[in-house]
Amino acid sequence: MRKSQLALALIERLEREYPDAICSLDYDEAWQLMIAVRLSAQCTDARVNIVTRDLFKKYPTMEAIADADINELTDAVRPCGLGPSKARDIKKLMTTLISDHDKQIPDSMDELLKLPGVGRKSANLILGDVYGQPAYVADTHCIRITGRMGLTDGTKDPKKVEDQLRKVLPPEKSNDFCHRLVLFGRAICTARNPKCDACPCADVCRRRL
């Protein structure tokens, strides 16, 4: 089976298994999503959602984050790990969006990557969830599962995974597919002891063939 055919097969099965493809990070506005994604580095989305619930109550606007006392902000995000660096990044990010972008989130990869603390994962998520553009979020679930299934060559390099997925995924399906991989990776195709007997994709998975 060609990789493009495999991609369509996986999309069909995951759409059936997880009809609601939504981001697992809670947010109301795009700037909140940018903060949540930065906090999610080396932290679970579940913990991030707990932290941001209180964070956005205390700092309800971009200006509030930009003007926040750095020590207080560090304490607020510390449960996500790497508190000092994450607090510094999100404060600088909000300051930059206010001063250089009139509080508007850029809608291109190149411009997003110029922002403090924004990498390709964050940029893809913004492009897909905020602007409805094709997006390829090569997070830990995506990297693991696409390698196992044979959709990529097994590389652990996020940029290489992203580039390989661009060649085989229909652009209009890419963002939802990546969201479904997160749900699938948590429930079935786990890092250790994947539940292959309960897998909706077992008939096309390279691991099982």
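Residues numbered from 1 in each chain as written. Predicted model: local features only at pLDDT ≥ 70, side-chain atom pairs only at ≥ 80, totals over all residues. Heavy atoms only, no water.

## A word on the overall build of the chain
Helix and strand counts for the chain stand at 11 helices and 0 strands. Ordered by position from the N terminus, the helices and strands of the chain form the series α-α-α-α-α-α-α-α-α-α-α. For 209 residues, the compact-globule estimate of 2.2 N^0.38 gives 17 Å, and the chain sits close to it at 18 Å. Along the longest, intermediate and shortest principal axes, the C-alpha atoms of the chain span 55 × 30 × 30 Å. The burial tally for the chain puts 51% of its 209 residues in the buried class. Taking all contacts inside the chain whose residues are at least 6 apart in sequence as the whole, residues at least 24 apart take part in 62%. Element-wise, carbon and sulfur atoms account for 49% of the exposed surface of the chain, whose accessible area totals about 10,500 Å². Charge centroids of the chain, computed over 33 positive and 30 negative side chains, lie 8 Å from each other. (Helix = DSSP H or I, 4+ residues; strand = E, 2+ residues; numbered from the N terminus. Rg over C-alpha atoms; globule rule 2.2 N^0.38 Å. Buried < 20%, exposed > 50% of the residue type's maximum accessible area, 1.4 Å probe, protein only. Contact = heavy atoms within 4.5 Å. Areas by Shrake-Rupley, 256 points an atom, 1.4 Å probe, with all protein chains shown as cover. Lys, Arg positive; Asp, Glu negative; His and termini not counted. Charge placed at Lys NZ, Arg CZ, Asp CG, Glu CD.)

## Quick notes on the nonpolar core
One finds Met-34, Ile-35, Met-94 and Leu-112 to be the most contacted residues of the largest nonpolar core, which totals 38 residues. For this core, the elements supplying multiple residues, two or more each, are α2 (30–39), α3 (45–58), α4 (62–66), α5 (70–77), α6 (83–101), α7 (109–113) and α8 (120–129). The element that contributes the greatest number of residues to this core is α2, accounting for 7 residues. Residues in contact with Met-94, not counting those within four places in the same chain, are Trp-31, Ile-35, Met-62, Ile-65 and Ala-66. One finds Leu-10, Cys-142, Met-149 and Leu-165 within the second-largest nonpolar core, a separate group that totals 28 residues. (Core = buried A, V, L, I, M, F, W, Y, C linked by side-chain atoms within 4.5 Å.)

## Re the pattern of salt bridges
If you walk through the whole model with that rule in mind, you get 13 salt bridges. Between Asp-163 and Lys-159 there is a salt bridge, and its shortest N-O distance comes to 2.8 Å. Of the two residues, Asp-163 and Lys-159 are both situated in helix α10 (residues 158–168); the distance of 4 residues between them amounts to about one turn of the helix. Judged by its relative accessible area of 29%, Asp-163 falls in the partly exposed class. Taking relative accessible area as the criterion, Lys-159 reaches 35% and is therefore assigned partly exposed. With its nearest N and O atoms 2.8 Å apart, the salt bridge here joins Glu-162 to Arg-166. One end of the pair is Glu-162 and the other is Arg-166, both in helix α10 and 4 residues apart, which spans about a single turn. The buried category is assigned to Glu-162, whose relative accessible area is 2%. Classification of Arg-166 as partly exposed rests on a relative accessible area of 36%. (Salt bridge = Lys/Arg side-chain N within 4 Å of Asp/Glu carboxyl O.)

## Here's the deal with the side chain of Arg-144
When you line up the elements, Arg-144 lands in helix α9 (residues 140–149). One buried charge, Arg-144, has no salt-bridge partner; the nearest side chain with opposite charge is Asp-139, at 7.5 Å. At 3.4 Å, the side chain of Arg-144 forms a polar contact with the backbone oxygen of Gly-185. Those residues in contact with Arg-144, other than ones at most four positions away along the chain, are Gly-185, Cys-189, Thr-190 and Ala-191. (Polar contact = N/O pair within 3.5 Å; in protein donor to acceptor, adjacent residues only side chain to side chain.)

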